[in-house]
Amino acid sequence: MPDRFVDLTQGVAMIVTDLHGDGDAFDRYVTHFRQLYASGAAQRLIFLGDLVHSYGGPRHDHSLDILRGVMALRAELGPDTVITLLGNHEMPHIYGVSLVKGEIEFTPRFERALGADRDSVLAFLRSLPFYVRTAAGVMLSHAGPASEAIPHVETLRCFDHGALLAQADMALAQADDLALYYEHYEKVHGAPYADDARHYLAVSGPADPRYPHLLRASLIAEQSKPFAVLWDVLFTQNELGLTEYGYVQIVQQFLEAFSAGAPAPQRVIVSGHIVTPLGGYMLVNRYHLRLSSAAHARPREAGHYLLLDCAKPVRAANELLPALGTVFADHLEALA
Ligand SMILES: [Mn+2]
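Residues numbered from 1 in each chain as written. Predicted model: local features only at pLDDT ≥ 70, side-chain atom pairs only at ≥ 80, totals over all residues. Heavy atoms only, no water.

1. Structural notes on the domain arrangement of the chain
When the domains of the chain are assigned, the result is domain 1 (5-162 + 232-335) and domain 2 (166-223). For domain 1 versus domain 2, the separation of C-alpha centres amounts to 32 Å. At the interface, 10 residues of domain 1 touch 11 residues of domain 2. Our count for the contact surface shared by domain 1 and domain 2 stands at zero salt bridges. Our count for the contact surface shared by domain 1 and domain 2 stands at four residue pairs in polar contact (both at pLDDT 80 or more). Ranked by residues supplied to the side of domain 1 that touches domain 2, first place goes to helix H4 (residues 107-114) with three residues. A per-class count over the side of domain 1 that touches domain 2 returns three nonpolar, three polar and four charged. (Domains from an automatic or database assignment. Contact = heavy atoms within 4.5 Å. Salt bridge = Lys/Arg side-chain N within 4 Å of Asp/Glu carboxyl O. Polar contact = N/O pair within 3.5 Å; in protein donor to acceptor, adjacent residues only side chain to side chain. Helix = DSSP H or I, 4+ residues; strand = E, 2+ residues; numbered from the N terminus. Nonpolar A, V, L, I, M, F, W, Y, C, P; charged D, E, K, R; others polar.)

2. Notes on the sheet that holds strand S10 (residues 281-285)
With respect to topology, six strands assemble into an open sheet ordered S1-S7-S8-S9-S11-S10, the strand pairing being mixed. Strands with a single pairing partner mark the edges of an open sheet, and in this sheet they are strand S1 (5-8) and S10. Going from strand to strand, the sheet's axes swing by 20° on average, the running direction of each strand aside. The sheet contact formed by S1 and strand S7 (residues 131-134) spans four bridges and is parallel. If you follow Phe-5 over to S7, its bridge partner there is Tyr-131. (Pairing = 2+ DSSP bridges. Axes fitted to C-alpha atoms, helices over the stretch in contact; angles between N-to-C directions.)

3. So, the pattern of salt bridges
Two side chains that carry opposite charge are able to pair once their charged atoms sit near each other. For the coordinates displayed, the defined rule picks out 16 salt bridges. In this structure, the salt-bridge partner of Arg-68 is Asp-65, at a minimum N-O distance of 3.3 Å. Taken together, the residues span about one helical turn, with Arg-68 and Asp-65 both in helix H2 (residues 63-77) at a distance of three residues. Taking relative accessible area as the criterion, Asp-65 reaches 43% and is therefore assigned partly exposed. Salt bridges sharing partners connect three or more residues here, namely Asp-22, Asp-24, Arg-28, Arg-300, Glu-301 and Asp-330. (Buried < 20%, exposed > 50% of the residue type's maximum accessible area, 1.4 Å probe, protein only.)

4. A look at the packing of helix H8 (residues 178-189) against helix H10 (residues 213-223)
Running from N to C, H8 and H10 cross one another at 70°; their axes reach a closest spacing of 10 Å. Of the possible angle classes, the one that applies to H8 and H10 is roughly perpendicular. Contacts between H8 and H10 pair Tyr-181, Tyr-182, His-184, Tyr-185, Val-188 and His-189 from the former with Leu-214, Leu-215, Ser-218, Leu-219 and Glu-222 from the latter. (Parallel < 35°, antiparallel > 145°, perpendicular 65-115°, else oblique.)

5. Description of the environment of Pro-265
Relative to the helices and strands, Pro-265 is located in the loop between helix H12 (244-257) and strand S9 (268-271). C-alpha of Pro-265 to C-alpha of Val-138: the two residues are 127 residues apart in sequence and 8.6 Å apart in space. Among all residues touching Pro-265, those that are not within four sequence positions of it are Gly-137 and Ser-259.

This is the structure we're talking about:
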């Protein structure tokens, strides 16, 4: 049974989030981490997810290079030293679900790029934890507090992508009339299945063993309850659309629910996922710090990392501000 929660009781962690295919930012953060690691100033590098999917053109999208880099660094320094949490931009690839935002189709480009790396990259994505809890009382996640998570802590802790995929494979294998499933797909999506499978999942044709995977994806996305929980949790919009009071209630209930079995009561949460319009971080409230390391910072060069001592108790999010740092000092000097 997988455990999607990582509990840390010691060491300093360098936290980086939402690189979204920005290869230059990735190189800067890794270089900086190597210096901190060598000098003993940090023992862990933690990515809060959304390593993949650039908002720009294909030339600027280094998503696959970044994933390869993270996997290599993890192999070099050890799985306890390099930790990556699952983001909402990684999750769709585990299932073959497509992700579209306005005009931007995020997933097809990455599916085409995967090539020979497909199996190793997807196995890595399937292995990723969702949350870090610390003895400092600081919790880390990609998208932050979500009311949808509160009743489903155990579902999330034991989340098994492989079981969901296997159940759907079994349903399709045992279907009396598989053609009905394909017809249903084409009715819902208004396009020939073969064309969609080629476009969204880089499937070569009906002889490709991955040919049914888009069908499997739509089956899971339409009908799996655990999938829906994880999707809602990873795509949550936090305080947007809520009153300040209402959101504080959710954060407190969320932290309390996730404190069961944690190394200490979790009192503060750090997440990425949403743009910080005035720089590279934002105090959402007393209990929630939003971090932007590149793509979600405004401007990008205002991106920050956070150094977190996992053992030293933290009671409020503003206590973390002195531990924010930048790897874009050269840019900032040029701007000054
Ligand atoms: Mn995100």
